[in-house]
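# Summary of the model geometry
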Amino acid sequence: MTSPEAPSLYDRLGGTDGINEIAAAVVQAHSINPAIKDFFADSDMEKLTRDVADFFNMGSGGPAEYQGRDMPSAHKDMNLNEAHLVAAIDDVLGVLDARGVDPVTRNEVLGILYSFKGEVLFQ
Ligand code: HEM
């Protein structure tokens, strides 16, 4: 018996166009979030937006090929703590909420982001 497949997270986030828009809004939110904006002072925001978009695209079941560093390599020298992680995740949730992403999808993203805690915090 066949049953229709549930749409992937990639589809529920709006595919490549939706994820690109989400990534741009998240990076923009980080750049003005007083709790974390200083970390991005020297970043190439265009490249970061592309990398974050590809990372999420690939990780959610999309066709992109992420070209950036692995998460520990990208974050280990920043000395990030839990408050930084919460602030960054809040920015993502704020973007998803503003776009009207459904609560199940939103919470799935939250769980995925939280699961990276051990790969981005080194205190
Ligand atoms: C929730 C877990 C996180 C994920 C999944 C994540 C994801 C990413 C990705 C995909 C990149 C691109 C890396 C590259 O291009 O090589 C990146 C870079 C970066 N992340 Fe995160 N990140 C997380 C948490 C954080 C937190 C909590 C902060 C600080 C508050 C942060 C600050 C940065 C900065 C400043 C860069 C850019 C580094 C540079 O310009 O070289 N990240 N992150």
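In the block above lies the structure referred to throughout.
Note that this is a predicted model, so its numbers are computed, not measured.

Analysis parameters
Residues numbered from 1 in each chain as written. Predicted model: local features only at pLDDT ≥ 70, side-chain atom pairs only at ≥ 80, totals over all residues. Heavy atoms only, no water. Donors = N, O, S within 2.8 Å, 3.2 Å for Na, K, Ca; no water. Helix = DSSP H or I, 4+ residues; strand = E, 2+ residues; numbered from the N terminus. Near = heavy atom within 4 Å. Polar contact = N/O pair within 3.5 Å; in protein donor to acceptor, adjacent residues only side chain to side chain. Nonpolar A, V, L, I, M, F, W, Y, C, P; charged D, E, K, R; others polar. Buried < 20%, exposed > 50% of the residue type's maximum accessible area, 1.4 Å probe, protein only. Lys, Arg positive; Asp, Glu negative; His and termini not counted. Salt bridge = Lys/Arg side-chain N within 4 Å of Asp/Glu carboxyl O. Core = buried A, V, L, I, M, F, W, Y, C linked by side-chain atoms within 4.5 Å. Contact = heavy atoms within 4.5 Å.

A few words now on the coordination of the iron atom of the ligand. Among protein atoms, the single one acting as a donor to the iron atom of the ligand is H75 (NE2), 2.0 Å away. Within the secondary structure, H75 is located in helix 4 (residues 71-75).

Now for the site of the ligand. Within the structure, the ligand sits among 21 residues, and I36, S43, D51, R69 and H75 are positioned closest to it. In the model, an oxygen atom of the ligand is placed 2.7 Å from a nitrogen or oxygen of the S43 side chain. Here an oxygen atom of the ligand sits 2.8 Å away from a polar atom, N or O, in the side chain of R69. Within the residue set of the shell around the ligand, elements represented by two or more residues are helix 3 (45-59), helix 4 and helix 5 (82-98). Per element, the largest residue contribution to the shell around the ligand is four residues, and it comes from helix 3. Taken together, the residues of the shell around the ligand sort by class into 14 nonpolar, four polar and three charged.

So, on to the side chain of D54. Among the structural elements, D54 can be located in helix 3. For the buried D54, no salt bridge is present, and the opposite-charge side chain at shortest range is R50, 5.6 Å distant.

Attention now goes to the pattern of salt bridges. One pass over the full model with this rule turns up six salt bridges. E108 is the partner of R12 in a salt bridge, and the nearest nitrogen-oxygen pair spans 3.0 Å. Residue R12 is found in helix 1 (residues 9-12), and its partner E108 is found in helix 6 (residues 103-115); the two are separated by 96 residues along the sequence. Two residues, R99 and E21, come together in a salt bridge whose shortest N-O distance is 3.0 Å. Remark: E21 occurs in helix 2 (residues 15-32) and R99 occurs in the loop between helix 5 and helix 6; sequence separation between them is 78 residues. E21 gets classed as partly exposed once you look at its relative accessible area, which sits at 47%.

Turning our attention to the nonpolar core. In this structure, L13, I22, F56, V92, L96, V109 and L113 are the most contacted members of the largest nonpolar core, which totals 20 residues. Secondary-structure elements contributing two or more residues to this core are helix 1, helix 2, helix 5 and helix 6. Examining the composition of this core, we find that six residues originate from one element, helix 5, more than from any other. When sequence neighbours within four positions are dropped, the list of residues in contact with V109 reads L9, L13, F56, V92 and L96.

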